[in-house]
Every structure is written in structure tokens, then in C-alpha cells.
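Descriptive structure summary
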Amino acid sequence: MTINRRTLLARTAMLAGALALTKQNAIAKALNDTGLKDLYKDDFYIGTAIGNARLNSPPAGFNALVAREFNALTMENDMKWERIHPTPDQWAWERADKFMALGEQQQMFMVGHVLVWHSQTPDWVFNDDHGQPLPRKALLARMKTHIDTLAGRYRGRIHAWDVVNEAVDEDKGWRKSPWFNQIGPDFVEHAFRYARAAAPEAQLLYNDYNMHNPGKRQFVVDMIKRFKEAGVPIDGVGMQGHVGLAYPDIAEFEKSIKAFAATGVAVHITELDVDTLPVAWEHIGAEISSNFDYADELNPYPNGLPAEVEAQLAERYAEWFALFLKHRESIARVTLWGTGDSESWKNNFPVRGRTNYPLLFDRDYQRNAAYHAVAALKK
Ligand code: 9MR
């Protein structure tokens with residue numbers, strides 16, 4: 001059979017097309033099989049936080065997506081005191097155990113959140129049977145039992161504990177929480193010592209928001225130095241990273257990374273999200289006792305993020321990750337505070353019922369522009 005020139009050209013074009021398609025498929029497959037954790041494998045862990053709803057009834061493909069993209073896992077709420085130890089004699093292990101199983105199946109870096117916090121801690125913790133504030137010694141004993149039981153149960157399996165959360169009140173020094181008021185400032189060092197005894201293999205972190213604030217930075221640096229001199233076991237600082245499109249000043253955040261790292265502890269970015277909505281308040285941290293009334297002008301994108309804001313978000317995420325990469329020697333982990341936008345606490349805080357877009361996957365768990373910008377830094 002003779003093949004004329006035209007047929008030959010047509011066949012060659014078809015073959016080239018098929019080859020291009022195969023190549024495209026190979027790239028798509030590689031992208032499907034690997035995720036951020038692979039791109040950043042030589043830099044730091046990439047984590048996410050899992051809420052109870054996703055743990056119990058994950059949407060289709062959710063667990064596979066988490067396994068593909070992340071290699072560190074934090075429980076968003078269900079290891080907090082009020083959830084896991086709601087009454088003096090009651091421990092609710094089911095959800096935490098399930099969380100451990102999920103992460104351990106994938107050999108993830110497991111984060112315990114949180115041992116000692118002023119929030120989401122039931123009143124009974126601080127009071128005696130007559131409703132009177134417990135004295136120092138008794139409250140310390142209660143703290144120790146809690147830490148022994150919780151950190152002890154997951155000993156050797158939780159790789160980092162948020163030992164104390166949010167004990168510093170911006171630039172006003174120690175937060176005047178019941179822990180502080182009833183024990184004194186050394187409640188923090190006691191918590192770290194108890195944690196070391198109960199979970200000797202775990203990295204022990206102090207975790208807080210607004211860590212770019214110079215007053216807070218200095219206070220935390222001084223605290224770490226005092227701890228090191230006194231032999232209080234602290235291994236790292238958690239910089240939560242609840243940030244926005246325009247705040248905080250990245251240069252201030254960077255100063256804090258450097259200052260913490262200079263004390264010799266590891267830096268963990270523990271709760272990253274980027275608020276895309278109008279700032280409803282002056283105070284930009286995560287203090288959960290604040291709340292604002294809903295107003296339409298505070299919820300401008302109920303039906304989708306406009307392309308220009310999406311581009312801004314991508315650019316902002318790229319800036320943050322470029323900063324983290326610059327300090328990769330000091331940073332052990334970057335954890336996003338949730339996977340898909342629909343999960344985020346930012347839809348309800350500080351205003352309830354808004355539609356926010358703070359994470360790297362959209363409401364259908366598709367990678368968004370910010371995801372691609374973060375990935376592109378490593379390609
Ligand atoms: O994301 C958490 C949200 O679901 C809870 O309602 C809220 C209640 O305190 O806690 C959120 O997580 C917080 C974390 O535990 C500590 N840092 C601030 C986080 C956002 O408030």
C-alpha cells in the first residue's frame with residue numbers, strides 16, 4: 001500500500017497529538033498523586049487541622065486529598081479540655097483516637113492541641129465543689145492530672161504538643177486568665193515540666209497569635225530565655241498565623257521568626273489562614289470572646305471570590321511561603337488551619353455567617369489559585 005504525503009502528514013500529526021496527550025496525562029497524574037507535602041519535603045512539614053465533622057463524615061475524596069497534600073495533622077477542637085475531659089471523671093477519647101488512627105495510617109507528624117488554655121476549658125476545672133476558686137496547689141494538681149492522662153495516653157505517638165496556648169496578652173504581659181490568677185505566672189513552666197514527664201519524646205511548644213506584635217515577641221523571647229536558664233523544657237514556638245490580605249506587616253512577622261529562632265527553639269507555623277474579607281474590627285487576632293453583628297457590607301463575596309481578590313490572595317500566600325522558605329532552617333512545620341474554605345472558623349469569626357476564602361482549597365476541595373502560587377515556588 002502506498003501512503004501519500006498528505007496521509008503521512010496526517011498520521012504524524014495524530015501521533016504527535018497522542019504523545020502530547022500522554023505527556024499531559026502523565027503530568028496530570030503526577031499532580032494527582034503528589035501534593036504540597038512532596039513539593040516541600042526538604043523544607044518543612046505541611047500540615048492541616050481536622051475538625052470533628054470532617055473526621056466523622058468526610059466528604060468523598062477528603063481523606064485521600066489530606067493524605068496526598070499533607071504530612072502533619074492537628075485536631076481543630078477535639079483534644080481541647082471541654083471536649084476531651086468535659087467533667088472531672090469523664091474522658092471522651094473516641095474522636096481523638098480516631099484522629100490518631102487517621103494520621104498514623106499515613107505516618108504523619110501528629111500535633112496535640114492543646115494541653116493548657118484559658119478558652120474552651122470548663123468552669124469546674126478552676127473551682128472546688130462549692131464553686132469557689134481552687135487554690136494554687138490544688139489547681140496545679142488538676143493541671144498535672146490532665147496532662148498526665150492526655151499526653152500520657154498518646155505518649156510516643158504525638159510528635160509535638162501545644163503545651164500552653166495564648167498566655168500572653170498582646171503587649172500587656174501575662175494574660176489575666178484563671179490559670180494566671182489562681183496559680184501565678186509559673187503555671188506555664190509547670191505545664192511544660194508536666195508535659196515533658198508525660199510525653200518525653202514530644203516537642204513541647206508555646207503557641208500564640210499576633211506573634212508579629214513587638215511587645216509579644218519580646219515577652220515570649222524573654223520567657224524562653226528564662227525557661228532555658230531554669231531548665232524548663234521548651235522546644236518550640238507556635239506562631240499561629242491567622243493573617244489577612246493586608247495585615248500584619250510581614251517584616252514584623254519575620255523579625256519574630258528570627259528572634260524566636262535565635263533563642264534556639266524551633267518555629268512552627270501552627271494555624272495559618274488568610275482572611276479575605278473586610279476587617280470588621282481593629283483587633284486582628286484570634287481572641288474568641290469577641291464577636292460582631294452580621295452586615296452585608298462585611299460579607300461582599302457570598303457567591304464566589306472575584307478574580308482580582310483571588311489574585312491578591314494568591315500573591316499574599318506566595319509572600320508568606322517565600323518568607324517561610326527563606327527561614328526553612330528555623331521552621332519545622334507550616335500547618336493550615338483547615339483544608340477547604342467551607343470548614344474554616346473564619347466563616348463565623350469575628351462575624352457569624354460570612355463566606356470567607358482563607359485556605360488553599362475551595363468549597364469543592366479543588367486547588368485554588370493560592371494553592372498553585374504556593375506550589376509554583378517549588379517548581
Ligand atoms: O478553629 C477553632 C474553632 O472551630 C473553635 O470554635 C474555636 C473556639 O475556641 O477555636 C478555633 O481554633 C482556635 C485554636 O484552637 C487556638 N487558636 C485560635 C484558633 C481560632 O480561634
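1. Some words on the overall build of the chain
The secondary structure content of the chain amounts to 13 helices and nine strands. Across the 379 residues that make up the chain, the buried fraction comes to 54%. Counting only contacts in the chain whose residues sit at least 6 apart along the sequence, the fraction spanning at least 24 positions is 79%. With the model as given, the accessible surface of the chain reaches about 16900 Å², and the carbon-plus-sulfur share is 52%.

2. As for the site of the ligand
In the region of the ligand, 15 residues are neighbours, and Glu76, Lys80, His113, Gln120 and Glu271 sit closest. At 2.8 Å, a side-chain N or O of Gln120 approaches an oxygen atom of the ligand. In the model, a nitrogen atom of the ligand is placed 3.0 Å from a nitrogen or oxygen of the Glu166 side chain. For the ligand, whose unbound accessible area comes to 450 Å², protein coverage reaches 85%. A per-class count over the shell around the ligand returns five nonpolar, six polar and four charged.

3. So, the nonpolar core
Grouped together as the largest cluster of nonpolar side chains are 101 residues, with contacts concentrated most on Trp161, Tyr317, Phe321 and Phe324. Top contributing element to this core by residue count: helix H12 (residues 307–326), with eight residues. Sequence-distant contacts of Phe324, that is, excluding residues within four places in its chain, are made with Phe44, Phe253, Ile269, Leu272, Ile331 and Val334. In this structure, Ala72, Phe109, Val111 and Leu205 belong to the second largest nonpolar core, which totals five residues.

4. Quick word on helix H6 (residues 94–105)
The end-to-end C-alpha distance of H6, which contains 12 residues, comes to 17 Å, matching closely the 16 Å that a straight helix rising 1.5 Å per residue would cover. Among the residues making up H6, those that are buried are Ala96, Phe99, Met100, Leu102 and Gly103. Looking straight down H6, one finds that the buried residues subtend no more than 160° of arc, so they occupy a single side. Facing away from the buried side of H6 by more than 90 degrees, the exposed set consists of Glu94 and Gln105. Buried-residue contacts for H6 involve strand E1 (45–50), helix H3 (52–56), helix H4 (62–69), strand E2 (72–75), helix H5 (81–84) and strand E3 (109–116).

5. As for the packing of aromatic side chains
Inspection of every chain in the model, using the stated rule, returns 19 aromatic pairs. Here Tyr40 and Phe321 contribute two aromatic rings whose centre-to-centre distance is 5.6 Å and whose plane-to-plane angle is 65°, an arrangement assigned as edge-to-face. Taken together, the residues Tyr40 in the loop between helix H2 (36–39) and E1 and Phe321 in helix H12 connect sequence positions 281 residues apart. Where Trp91 meets Trp93, the ring centres are 4.8 Å apart and the plane angle is 5°; that geometry is what we call stacked. You can call Trp91 partly exposed: its relative accessible area is 22%. Members of the aromatic cluster, joined through ring pairs, are Tyr40, Phe44, Phe253, Tyr317, Trp320, Phe321 and Phe324. Here the guanidinium or amino end of Lys144 rests over the ring plane of Tyr194, the centre of that ring lying 5.9 Å away. Sitting above the plane of the Tyr40 ring, Lys378 keeps its charged end 5.9 Å from the centroid.

6. Section: the packing of H12 against helix H13 (residues 369–376)
The N-to-C vectors of H12 and H13 enclose an angle of 30°; their axes lie 8 Å apart at closest approach. The interaxial crossing formed by H12 with H13 has right-handed handedness. Seen from H12, the contacting residues are Glu310, Leu313, Ala314, Tyr317, Ala318 and Phe321; seen from H13, they are Ala369, Ala370, Ala373 and Val374. Tallied by class, the residues present in the contact of H12 with H13 amount to nine nonpolar, no polar and one charged.

7. A few points about the side chain of His242
The residue His242 is located in strand E7 (residues 242–244) in this model. Of the polar contacts made by the side chain of His242, one reaches the side chain of Glu271; its length is 2.6 Å. Separated by 2.8 Å, the side chains of His242 and Asp273 make a polar contact.

8. Comments concerning the environment of Glu319
Summarising the element assignment, Glu319 is placed in helix H12. Along the chain, Glu319 and Ala373 lie 54 residues apart, while their C-alpha atoms are 9.4 Å from each other.

9. Things to note about the environment of Trp117
Examined against the element boundaries, Trp117 turns out to sit in the loop between E3 and helix H7 (136–153). Taking the C-alpha atoms as reference, Trp117 lies 8.9 Å from Ser177; in sequence the two are 60 residues apart. With sequence-adjacent residues up to four places away left out, Trp117 is seen in contact with Lys80, Asn165, Glu166 and Trp179. There is a polar contact of 2.8 Å between the side chain of Trp117 and the side chain of Glu166.

What counts and what doesn't
Each residue is numbered by its place in its chain's sequence as written, counting from 1. Predicted model: local features are reported for residues with pLDDT of at least 70 only, side-chain atom pairs are reported and counted for 80 or more only, and whole-chain, interface and lining totals are derived from all residues. Note: side-chain values were computed over all heavy atoms of the structure, leaving out hydrogens and water. The secondary structure listing takes helices from DSSP runs of H or I that are at least 4 residues long and strands from runs of E that are at least 2 residues long, numbered from the N terminus. Exposure is judged per residue with a 1.4 Å probe applied to protein chains only, and the accessible area is read against the type maximum: over 50% gives exposed, under 20% gives buried, and values in between give partly exposed. Residue contacts are defined here by distance: any two heavy atoms, one from each residue, within 4.5 Å place the two residues in contact. Calculation of accessible area relied on Shrake-Rupley with a 1.4 Å probe; when residues are assessed, cover is drawn exclusively from the protein chains displayed. We call a residue near a given molecule or strand whenever any one of its heavy atoms falls within 4 Å of it. For the purposes of these results, a polar contact is taken to be a pair of N or O atoms within 3.5 Å, where, inside protein, one atom must be able to donate a hydrogen and its partner to accept one; residues adjacent in sequence count only when each atom of the pair is a side-chain atom. Residue classes follow a fixed rule: Ala, Val, Leu, Ile, Met, Phe, Trp, Tyr, Cys and Pro count as nonpolar, while Asp, Glu, Lys and Arg count as charged, and any other residue, Gly among them, counts as polar. Residues belong to one nonpolar core when they are buried, are Ala, Val, Leu, Ile, Met, Phe, Trp, Tyr or Cys, and are joined through side-chain atoms within 4.5 Å. To estimate the expected span of a helix, count its residues, drop one, and scale the result by 1.5 Å. Comment: arc refers to directions from the helix axis out to C-beta atoms. Only Phe, Tyr and Trp rings take part, Trp by its six-membered ring, and two of them pair if their centres are within 6.5 Å. Stacked means planes under 30 degrees apart, edge-to-face means over 60, and tilted covers everything else. Charge-over-ring contacts are defined here by two conditions on Lys NZ or Arg CZ: a distance within 6 Å of the ring centre and an angle within 35 degrees of the ring normal. Lines fitted to the C-alpha atoms define the axes, with helices restricted to the stretch that makes contact. Angles between their N-to-C directions range from 0 to 180 degrees. Handedness of a helix crossing follows the sense of rotation of the near helix relative to the far helix, less than a right angle counterclockwise being left-handed and clockwise being right-handed.

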